[in-house]
Amino acid sequence: MDENDAILKFEDTSKRFPGVLALSNVSFAVEKGTVHALVGENGAGKSTLIKILTGVHKQSSGRVLYQGRDLHFGDPHQALLAGITAIYQELNLAPTLSVAENIFLGHLPKTGADTVDWAAMRAKSRDLLSFLDGEVDPNALVRSLGVAKKQVVEIAKALSMDARIIIMDEPTAAIPKKEIDTLFRIIRMLREKGVTIIYISHHIDEVFEIADRVTVLRDGRVVETRNTGEIDEPELIKLMVGRELTKQYPYHPGAPGAEVLRVENLSRRGVLHGISFSLRAGEVVGVSGMVGSGRTELLRAIYGIDPISSGAVYVNGAARRFKAPRDAIEAGIALLPEERKTSGLVLLMSVMDNIGLPSLQKMSTRGVMRDRELARTSERMRSLMNIRTPSLRQRVMNLSGGNQQKVVLGKWFARDPKIYLFDEPTRGIDVGAKVEIYNLMNRLKEQGAAILMVSSELPEILGMSDRVLVMREGRIAGEVPRERLTQEAVLKLAIGGEKI
Amino acid sequence: MPSDAVEVEEAGFLQKFMWFWNKAGVFVVLVAVWVILAVLSRGMALGGANVINVIRQVSIIGVIAVGMTGVILLGLIDLSVGSIVAFTGIIIAAIQVWWMKGQNEYLTLLICIVVAIAAGAAVGFFNGFVSTKGRIHPFIVTLGSLTIFRGATMFVGGGRPITGMSQAFRYIGAGELFKDYLPWGLFIPVPMVVFLVIVAIAAFVLRKTAFGRSIYAIGGNQEAAYLSGIMVDRVKIATFTILGGLCGVSSLILTSRLNSGEVVAGQGYELDVIASVIIGGTSMNGGEGGVIGTLAGALLIGVIQNGLNLLMVQPYWQLVVKGAIIILAVLMDRLQRSFQTL
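Residues numbered from 1 in each chain as written. Chains lettered and ligands numbered in written order. Predicted model: local features only at pLDDT ≥ 70, side-chain atom pairs only at ≥ 80, totals over all residues. Heavy atoms only, no water.

On to the overall build of chain A. Along chain A, the regular secondary structure elements total 17 helices and 22 strands. Against the compact-globule benchmark of 23 Å for 500 residues, chain A has a radius of gyration of 25 Å, which places it among compact chains. Principal-axis analysis of the C-alpha atoms gives chain A an extent of 70 × 50 × 50 Å. Here chain A holds 500 residues, and the buried ones make up 56% of them. Partitioning the contacts of chain A with sequence separation of at least 6, the portion at a separation of at least 24 is 65%. Carbon and sulfur atoms make up 48% of the accessible area of chain A, which totals about 21,200 Å². For chain A, the distance from the average site of its 68 positive side-chain charges to the average site of its 62 negative ones is 6 Å. (Helix = DSSP H or I, 4+ residues; strand = E, 2+ residues; numbered from the N terminus. Rg over C-alpha atoms; globule rule 2.2 N^0.38 Å. Buried < 20%, exposed > 50% of the residue type's maximum accessible area, 1.4 Å probe, protein only. Contact = heavy atoms within 4.5 Å. Areas by Shrake-Rupley, 256 points an atom, 1.4 Å probe, with all protein chains shown as cover. Lys, Arg positive; Asp, Glu negative; His and termini not counted. Charge placed at Lys NZ, Arg CZ, Asp CG, Glu CD.)

Now the structure itself:
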């Protein structure tokens, strides 16, 4: 590659944190006006790299060249001024302000009298938005927009700062398929304008669809940088994981036993309508459907988080009414929530303390914790789940996403529940850790546990379920057995075809 | 197996220092401040009588600060502690001077202890119940309680202090233990024993019991705690109730020391109490900290206040110094946290 085309160049860049070498002699170049993908498992060093680019961290050694000059940002604001913007999964917008205000937040256009020039701000916003996505109204409150439109606002904000590099961190994680196409269209437009995009994603297919080049990171080192045309999916995955993944979905048929959970006519006003199904020991039942079809709400209602207006839940044949998660847990149900950081874990607490959380009662005598039992159980979970942590006393916040999810699994596994409610069990974790989680699901299945798995990833639903319940508008639109399980069969039910 | 080839280095000096500072920094500051004040006051700060005086003073605030540690660990706050102290104080004074006048001293003492703790706990329960079930931030609820129970105190006492406690009751504040066994007329004051026992129990509860772990879990992530089967509202109400009960204990010491139930008792205590907890390293966001730090925080405030008195610094300057120390303590905490994530 010609030296002059590189807008960004890492030369032997390393970053040291207390006790950890997060980046080790990283060298690669990003060409101007390209989409450059950054892939790697959680903990590979992607975030650290981004934080150096955006002025949050400083490299410990080596150089970073931006437009041919050494990059030295004292703080994130300097990075913005220099034209480097990052758009994170958790979007950084002020929900109660208008779209236009958000776009110009921090550099509001001023009139001669030093007041905000609203007219100019609206006009400029309209220009930017019409270029990106004509549907977004500059006067709308950001609060009223969906995730995809919020992303458009973030991109407009970046352009208003004259961004030359836009870093996108998992931009497709929380938006529906149709919006992904819109996003890709916008990305291609930006590329034509000469903007450089650094694209981070766990979705390998997206990398091949949108990126020109891809850099694979593993354990803080660059494994390879290649043009996407010169490499195929299995090879890329192999580079990321460092080994060949023989099977991405290690499905085992298993032998379903007695019914453990039955839901009859369950309704929650305005959300769930007359839901009936049953779950048997040793089977994995997938729950599919569009965003907003009531999948998560169904799990919440069963688990006793949201009150139900009518209908009944039977556990092992006995009608149960759960007033709080505690009741459901005592009946042998576990919930792996959608957002592990906000709902699954106490990040400040240690691995061991998190594993003990659902078992505080079980592992205490007259209220006093049996510490040694907790330590033993945690140690067992660590080896069983293959949780990679230097110590059980390590705070969970310092673990990678995949290992955090294993801690969530471990904290339930330690209680040995008979019914698992999984909500997006592999969201945001890398390919290698995904397979480990699937293997754990198989193990649970063998031991006679029943799993109800909500997932937005259709391949995962198709790959791991014994049968699939498809939801639409708070109802069960139909059920597809494994023999007839295809993408078409599920989608047809999800968007409203005829019943199967 | 993928290679776990991330190089792990030895923690550097700075890391070790920050770790040590995190664990024991308050104690280091405490000793340093004490030495400085001892020098400045030409040894007066080290005098046995003075030390005992500081400890007595600290116990009154410290007992409440132990309870406040639990509430702040939950990420919550209670502003009404001073009013609870006054309210329970006026009730036990009224019991002794009016309602049970002439009864057996020891029976009266027992009833006072029970009533003080129960009345304090009742107010704490009220704070906890209204804020959790009514979904109102405890900042608002306890701001209301602060006013309500100051008013109730005036109502019970008719606006005037009730003076003249029994001899048995005065032992709580003035009792001198081991006087015969210690040299130079030194002794262990009863309030100090009460305080230390409460600190020890609280440290045990927070570290070793399911209830204690629940407090940390809720303070760290309420949603995750609830989904893990922790009865969040119950734990919160219980913690407020315990804080109320400890205000009752503090009130027993204070009323006994003053020999009087005062309408203005405990005014402004919330400041010293919250400051003790924060200086002791408990995070205002909840989930991090503990009661040993609070012990040091309360001592630090007591020592500084005492030192300023000995140096005859004017009272209004004392307030300025105290406020500055609180801000400084939180600032230190921030700095240290930013070091951790460097």
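Residue and element names in this part refer to chain A. A contiguous patch of negative charge, built from D205, E209, D232 and E233, is present on the exposed surface. Mapping E233 onto the fold places it in helix α8 (residues 233-241). Residue E233 is classed as partly exposed on the basis of its relative accessible area of 37%. (Patch = residues over 30% accessible without salt bridge, like charges linked within 9 Å, V, L, I, M, F, W, Y side chains within 5 Å. Salt bridge = Lys/Arg side-chain N within 4 Å of Asp/Glu carboxyl O.)

Counting residues in each nonpolar core, the largest one holds 159 residues, and the members touching the most others are A:Y303 and A:L452. Excluding residues within four positions of it along the chain, A:Y303 makes contact with A:A324, A:P325, A:A328, A:I329, A:I333, A:A334, A:L335, A:W412, A:L421 and B:L227. If you look at the next biggest cluster of nonpolar residues, it comprises 50 residues, including A:L128, A:V153, A:F184 and A:M240. (Core = buried A, V, L, I, M, F, W, Y, C linked by side-chain atoms within 4.5 Å.)

Attention now goes to the confidence of the model for chain B. All names here are of chain B. Overall, the predicted model of chain B reaches an average pLDDT of 87, with 92% of residues at or above 70. Mean pLDDT across the secondary structure elements of chain B bottoms out at helix α1 (residues 13-40), with 76, and peaks at helix α10 (residues 232-258), with 96. The model gives residues 1-10 a pLDDT under 50, and that stretch makes 18 contacts with residues more than four places away or in other chains. Both scores are given for the predicted complex: the pTM is 0.79, the ipTM 0.83. (pLDDT = per-residue confidence, 0-100.)

What follows is about the packing of aromatic side chains. Here the structure, examined in full by the defined rule, presents 8 aromatic pairs over all chains. Centroid distance A:Y249 to A:Y438: 5.4 Å. Interplanar angle 45°. Geometry classified as tilted. Of this pair, A:Y249 sits in the loop between α8 and β11 (259-268) while A:Y438 sits in helix α15 (residues 431-446), placing them 189 residues apart in sequence. Owing to a relative accessible area of 1%, A:Y438 belongs among the buried residues under this scheme. Here the aromatic residues B:F87, B:F126 and B:F149 are joined through ring pairs into a cluster of three or more. (Phe/Tyr/Trp six-rings, centres within 6.5 Å; stacked < 30°, edge-to-face > 60°.)

Here the focus is the sheet that holds strand β21 (residues 467-472) of chain A. Pairing between the strands of a sheet comes from backbone hydrogen bonds, and it takes one of two forms, parallel or antiparallel. Residue and element names in this part refer to chain A. Pairing is mixed in the open sheet, where 6 strands are placed in the order β16-β19-β20-β13-β21-β22. Sheet topology places β16 (333-336) and β22 (475-481) at the edges, where each strand pairs with a single neighbour. Across this sheet, the average inter-strand angle for adjacent strands is 20°, counted without regard to direction. Pairing geometry for strand β19 (residues 419-423) and strand β20 (residues 450-454), over 5 bridges, is parallel. What sits directly across from D423, in β20, is V454. Against the sheet, helix α17 (residues 487-495) engages β13 (284-289), β21 and β22, with an angle of about 25° to β21. (Pairing = 2+ DSSP bridges. Axes fitted to C-alpha atoms, helices over the stretch in contact; angles between N-to-C directions.)

Each partner contributes residues to the interface: chain B has 33 residues there, and chain A has 43 residues. Where chain B abuts chain A, roughly 3,200 Å² becomes buried across the two surfaces, and 56% of that area is made up of carbon and sulfur atoms. In this structure, the connection of chain B to chain A is made through 3 salt bridges. Its salt-bridge partner being B:E288, residue A:R395 comes within 2.8 Å of it at the nearest N-O pair. Counting the contacts that link chain B with chain A gives 11 residue pairs in polar contact (both at pLDDT 80 or more). (Buried area = accessible area lost by both parts, 1.4 Å probe. Polar contact = N/O pair within 3.5 Å; in protein donor to acceptor, adjacent residues only side chain to side chain.)

To continue, consider α17(A). Residues and elements named next belong to chain A. A489, V490, L493 and A494 are the residues of α17 that are buried. The buried residues of α17 all sit within an arc of 125° when viewed along its axis, so they share a single face. For α17, exposure combined with an orientation more than 90 degrees from the buried face picks out E488 and I495. Tucked into the core, α17 has its buried residues touching β13, α16 (458-464), β21 and β22. (Arc of directions from axis to C-beta.)

Before going further, it helps to spend a moment on the environment of B:G173. Residue and element names in this part refer to chain B. Relative to the helices and strands, G173 is located in helix α6 (residues 167-174). Here G173 falls in the buried class, since its relative accessible area comes to 1%. Separated by 99 residues in the primary sequence, G173 and L74 have C-alpha atoms spaced 31 Å apart. If we ignore the near neighbours within four places in the chain, the residues touching G173 are R56, P191, I253, S256 and R257.

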